[in-house]
Amino acid sequence: MSVSKEMASALNCEQKERMLGSLQETMRSIIADYFMIKRMQSQESAPKKIKKQKEEKLEIIHNPLVV
């Protein structure tokens, strides 16, 4: 894999902060953190989506124009 000089220097800084052994390990760690955050965000929004779906179903049931 090739990365730009700017990306390599940013990865080196991150590697030192996280005390990791290699750039590959640093990249894996960053990606794992990213997906963990995304999963947490989707779990937080899931109850809102379910509530909205229930409200939409109730709206359809109570709509006299829907046959």
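Here the structure is shown first, and the text comes after it.
Everything numeric here is computed off the predicted structure, so don't read it as measured data.

**Q** So what exactly am I meant to see when it comes to the packing of aromatic side chains here?
**A** Centre-to-centre distance and the angle between the planes together describe a pair of aromatic rings. Tallying each qualifying case throughout the model produces 1 aromatic pair. With centroids separated by 5.3 Å and ring planes inclined at 70 degrees, the aromatic side chains of tyrosine 34 and phenylalanine 35 adopt a geometry described as edge-to-face. On the basis of relative accessibility, which here comes to 52%, the residue phenylalanine 35 falls in the exposed class.

**Q** Help me out: how do you make sense of the side chain of threonine 26 in this one?
**A** Note that threonine 26 resides in helix H2 (residues 23-62). When residues no more than four places from it in sequence are discounted, the contact partners of threonine 26 are Leu11, Glu14, Gln15 and Leu20.

**Q** Sorry if this is basic, but what is going on with the pattern of salt bridges here?
**A** Within the structure shown, the criterion is met by 2 salt bridges. One salt bridge connects glutamate 14 with arginine 18, and the closest N-O pair in it is separated by 2.6 Å. In this pair, glutamate 14 and arginine 18 both sit in helix H1 (residues 5-18), 4 residues apart, roughly one turn of the helix. Among the residues examined, arginine 18 registers a relative accessible area of 28% and is labelled partly exposed. For the salt bridge of aspartate 33 with arginine 18, the shortest nitrogen-to-oxygen distance reads 2.7 Å. With aspartate 33 in helix H2 and arginine 18 in helix H1, this residue pair connects regions lying 15 residues apart in the sequence. The class for aspartate 33 is partly exposed, based on a relative accessible area of 31%. Connected via shared salt-bridge partners are Glu14, Arg18 and Asp33.

Each value, and the rule that gives it
- Residues numbered from 1 in each chain as written.
- Predicted model: local features only at pLDDT ≥ 70, side-chain atom pairs only at ≥ 80, totals over all residues.
- Heavy atoms only, no water.
- Phe/Tyr/Trp six-rings, centres within 6.5 Å; stacked < 30°, edge-to-face > 60°.
- Buried < 20%, exposed > 50% of the residue type's maximum accessible area, 1.4 Å probe, protein only.
- Helix = DSSP H or I, 4+ residues; strand = E, 2+ residues; numbered from the N terminus.
- Contact = heavy atoms within 4.5 Å.
- Salt bridge = Lys/Arg side-chain N within 4 Å of Asp/Glu carboxyl O.

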